Amino acid sequence: MFSFGKKPQQDGVRLDPDRIPAHVAIIMDGNGRWAQQKHRPRVFGHREGMETVKRVTKYASQLGIKVLTLYAFSTENWKRPTGEVNYLMQLPVDFFDTFVPDLVKQNVRVQVMGYTQQLPEKTQKAVQDAIKATEKNDGMILNFALNYGSRAEIVSAVKKIALQVQAGQLSVDAIDERSVAQALMTAPLAQYSDPDLLIRTSGEERLSNFLLWQLAYSELVFTDALWPDFGAAELRAAIYAYQQRDRRFGGLKK
């Protein structure tokens, strides 16, 4: 694991274009604290965080990242005050309403994973419209984890595999890591299903029920920057830290 400060030094930092992580996942944390520091309501931070998503998406696409997965709303976030939850449910509507044309121009394709059927109808519609509008794009995948929780995802995967066994489509002895991965919500990402790099903002250093299976060998980078303050410089710093790692996946390099 690696942590860096709110204002990383960028002088002299050069990224190796041949070692850009294919899949970057981000736990976008700190919107509420950012707003409170400015003596504004928490929802003001969420609104600014939406603008950060736009900036980071564009820069990630320019860097050549293949998949950018953003933890937008967890299955545990329903515990927040009703007013805040309602505001968060409106954000995807506003986000896609203003940003889909830019996504099309950037050749970015939207995907969403999570229990979206539990979202309000207007949120579901906004998500499905964005997926449809960008489905022909073949550039970076912008993958939102929306009403997502990793433990729930794993339980759902176990049930799916159990039904396959019950139906005689899969034998118990045939269950392996590949069959489990195919039952997870990241399966549509194919060879990019496991993040190379996980970034968490705001100084917190925990996974918060995010991609527990998929992060088994991901590199973890934590930054003190609150999400609304996160930008190109912070993303570059995280990728630079990633490029300094020696990834052995449990083995030894020759």
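To be clear, the structure that these remarks concern was listed above.
These numbers were taken from a predicted model, which means no experiment stands behind them. (Residues numbered from 1 in each chain as written. Predicted model: local features only at pLDDT ≥ 70, side-chain atom pairs only at ≥ 80, totals over all residues. Heavy atoms only, no water.)

1. Side note on the packing of helix H3 (residues 82-105) against helix H4 (residues 121-134)
Part 1 of the reasoning: It is the contact of H3 with H4, at a shortest axis distance of 8 Å, that shows an interaxial angle of 15°. On the basis of their axis angle, the class for H3 and H4 is roughly parallel. As H3 runs across H4, the sense of the crossing is left-handed. Mapping the contact onto sequence places Met89, Gln90, Pro92, Val93, Phe96, Val100, Leu103 and Val104 in H3 and Lys122, Thr123, Ala126, Val127, Ala130, Ala133 and Thr134 in H4. (Axes fitted to C-alpha atoms, helices over the stretch in contact; angles between N-to-C directions. Helix = DSSP H or I, 4+ residues; strand = E, 2+ residues; numbered from the N terminus. Parallel < 35°, antiparallel > 145°, perpendicular 65-115°, else oblique. Left-handed = near helix turned anticlockwise from the far one by under 90°. Contact = heavy atoms within 4.5 Å.)

2. Some words on the nonpolar core
Generally speaking, nonpolar side chains in soluble globular proteins are found buried as a group.
Part 1 of the reasoning: Ranked by size, the top nonpolar core spans 44 residues in total, and within it Ile26, Leu68 and Phe96 carry the most contacts.
Part 2 of the reasoning: Mapped by element, the contributors of at least two residues to this core are strand E2 (23-27), helix H2 (42-63), strand E3 (67-74), H3, H4, strand E5 (141-148), strand E6 (197-200) and helix H7 (232-243).
Part 3 of the reasoning: Here this core gets 9 residues from one element, more than from any other, and that element is H3.
Part 4 of the reasoning: Residues within four places of Phe96 in sequence aside, it is in contact with Val110, Ala126, Val127, Ala130 and Phe144. (Core = buried A, V, L, I, M, F, W, Y, C linked by side-chain atoms within 4.5 Å. Buried < 20%, exposed > 50% of the residue type's maximum accessible area, 1.4 Å probe, protein only.)

3. Looking at the layout of surface pockets
Part 1 of the reasoning: Taken as a whole, the largest pocket encloses approximately 750 Å³ of empty space.
Part 2 of the reasoning: Taken together, 31 residues make up the lining of the largest pocket; nearest its centre are Met28, Tyr71, Ala72, Phe73 and Asn77.
Part 3 of the reasoning: Those elements that provide at least two residues to the lining of the largest pocket are helix H1 (31-37), H2, E3, H3 and E5.
Part 4 of the reasoning: Grouping the amino acids of the lining of the largest pocket by side-chain chemistry returns 15 nonpolar, 8 polar and 8 charged.
Part 5 of the reasoning: Considering only residue class, the lining of the second largest pocket consists of 8 nonpolar, 4 polar and 4 charged. (1 Å grid on protein atoms, 1.4 Å probe; cavity = no way out; pocket = protein on both sides within 12 Å on 5 of 7 lines; lining within 4 Å. Points joined across faces, edges and corners; volume = space filled by probe spheres on them. Nonpolar A, V, L, I, M, F, W, Y, C, P; charged D, E, K, R; others polar.)

4. Let's talk about H4
Part 1 of the reasoning: A rise of 1.5 Å per residue sets the reference length of H4, with its 14 residues, at 20 Å; its end C-alpha atoms lie 20 Å apart and thus fit the reference within 8%.
Part 2 of the reasoning: Within H4, the full set of buried residues consists of Thr123, Ala126, Val127, Ala130 and Thr134. Down the axis of H4, the smallest arc covering the buried residues is 95°, so these residues share one side. Turned more than 90 degrees from where H4 packs its buried face, Glu121, Lys125 and Lys132 sit exposed.
Part 3 of the reasoning: The secondary structure elements touched by the buried residues of H4 are H3, strand E4 (109-113) and E5. (Expected span 1.5 Å × (residues − 1). Arc of directions from axis to C-beta.)

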